[in-house]
Amino acid sequence: MSDLALSRPAPLAIARGSNGKRSLRIVQSLCILVIALVMISPLFMLLIASLKDDRFRILADMGSFRAFWVSDPTLSNYKEIAHFSGELAYGRYLFNSLVILVATVVSGLVVNSMAGFVLAWGSLRGKAVLLALVVALFVIPQESIIMPLVVMMSRAGLTDTFAVQILPWVASPLYVFLFYQFFAQLPKELYEAAEMDGASVFRIYRSIYMPLSLPALATVSILMGIESWNQYLWPTLVTQTDYARPIAVAIATFFGQDSIYWDRAMAASVLMMIPVLILYLAFQRWFVSSFVGSAVKG
């Protein structure tokens, strides 16, 4: 009887263990809260600043807690820039960016997924060499090929158009490799069974592998969309008028040598941020599952 009593955990030890776990959870929650506040605070400050109608007041409030509060919010900054013509035609610039985003992502998904599928299941000779070349292209920065591309696009007569901001970035070694890696992990029996049923390679790609690749499609859509949306150097070099200029380039016009229009720049930055957030929220579930699946398989 005494041995049984000794083998039982002491109530004091159980209480200490539960208190330790509770304290650990509290510390973890506080750390997550602090990290979340640090990450969200610039976005919140941006939103608050866009609701202030005095650019000098915005600048004066920077560096203090007044940057996170507005006593008399107004939408006048948004009304000033929400035009499709004139000096502040940021509605036009936002529309241009949306056209470039949608066209780049849709065409990029088709081209990169086809290339990844052929590398994974195609009957090409030298696929290993092609895959090695695709991986090797990762190390080449885009800035190093900017000037030759500018010359090529200029001679083709594509400058100051939507096409010049879409075509050079449709195919990407990174996204080809992502699709290749995803397709290569799918069971080989799927391809063999469809081939035995007489399906063509394109039919197998379209009807079987593409419906199964939602996580890869979501990941590439978000990454390619963010990359296209944040382009600044390339559209600066190839656009001269408002016809096809994206909003990222247009925002830079608020920062002149003589004065900086913080109020309008903040409002335009909020408008620029919304489509990317919508894109992420639309594909969030598959985007997260893609990374989780890659981590588990790795």
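Data block above holds the structure.
Here we summarise the structure given alongside this text. Treat the numbers as computed from the prediction; the structure is a model and nothing was measured.

Our next topic: helix H10 (residues 201–212). When the terminal C-alpha atoms of H10 are compared, their 16 Å separation across 12 residues agrees well with the 16 Å that a helix rising 1.5 Å per residue should span. What H10 keeps buried is the set Ile204, Tyr205, Tyr209 and Met210. With its buried residues spanning 145° around the axis, H10 presents them on a single face. Residues of H10 that are buried in the fold lie against helix H5 (90–121), helix H8 (173–185), helix H9 (188–196) and helix H11 (214–229).

What follows covers a nonpolar patch on the surface. On the surface, Val135, Leu137, Phe138, Val139, Ile140, Ile145 and Leu174 cluster together to form a nonpolar patch covering roughly 590 Å² of accessible area. Note on placement: Val135 falls in helix H6 (residues 127–136).

In the contact formed by H8 and H11, the axes pass within 10 Å of each other and the chain directions differ by 170°. By the angle class used here, H8 and H11 are roughly antiparallel. Contacts between H8 and H11 involve Tyr175, Leu178, Phe179 and Phe182 from the former and Pro215, Ala216, Leu217, Val220, Leu223, Met224 and Glu227 from the latter. When its residues are assigned to classes, the contact of H8 with H11 shows 10 nonpolar, no polar and one charged.

Once that is clear, we can look at the nonpolar core. With 46 residues, the main nonpolar core has Tyr90, Phe117, Phe183, Tyr209 and Ile247 as its most contacted residues. In terms of residue count, H5 provides more of this core than any other element does, nine residues in total. Core analysis: the second largest hydrophobic core is formed by eight residues, Leu149, Val150, Val164 and Trp169 among them.

What follows covers the packing of aromatic side chains. Within the structure shown, the criterion is met by 15 aromatic pairs. Between Phe117 and Tyr209, the aromatic rings sit 5.2 Å apart at their centres with planes inclined by 65°, giving edge-to-face as the arrangement. Of the two residues, Phe117 sits in helix H5 while Tyr209 sits in helix H10, which places them 92 residues apart along the sequence. Its relative accessible area of 0% is what places Tyr209 among the buried residues. Seen in terms of ring centroids, Phe202 and Tyr205 are 6.0 Å apart; in terms of plane orientation they differ by 40°. Their pairing is tilted. Note that Phe202 and Tyr205 are positioned in helix H10 at a spacing of three residues, about one turn of the helix. Taking relative accessible area as the criterion, Phe202 reaches 46% and is therefore assigned partly exposed. On the basis of relative accessible area, Tyr205 is assigned to the buried category, the value being 7%. Members of the aromatic cluster, each reached through a chain of ring pairs, are Phe117, Trp121, Phe179, Phe182, Phe183, Tyr191, Phe202, Tyr205 and Tyr209.

Rules used in this analysis
Residues numbered from 1 in each chain as written. Predicted model: local features only at pLDDT ≥ 70, side-chain atom pairs only at ≥ 80, totals over all residues. Heavy atoms only, no water. Helix = DSSP H or I, 4+ residues; strand = E, 2+ residues; numbered from the N terminus. Expected span 1.5 Å × (residues − 1). Buried < 20%, exposed > 50% of the residue type's maximum accessible area, 1.4 Å probe, protein only. Arc of directions from axis to C-beta. Contact = heavy atoms within 4.5 Å. Patch = residues over 30% accessible without salt bridge, like charges linked within 9 Å, V, L, I, M, F, W, Y side chains within 5 Å. Areas by Shrake-Rupley, 256 points an atom, 1.4 Å probe, with all protein chains shown as cover. Salt bridge = Lys/Arg side-chain N within 4 Å of Asp/Glu carboxyl O. Axes fitted to C-alpha atoms, helices over the stretch in contact; angles between N-to-C directions. Parallel < 35°, antiparallel > 145°, perpendicular 65-115°, else oblique. Nonpolar A, V, L, I, M, F, W, Y, C, P; charged D, E, K, R; others polar. Core = buried A, V, L, I, M, F, W, Y, C linked by side-chain atoms within 4.5 Å. Phe/Tyr/Trp six-rings, centres within 6.5 Å; stacked < 30°, edge-to-face > 60°.

As far as function goes, none of this settles anything; it's purely spatial.
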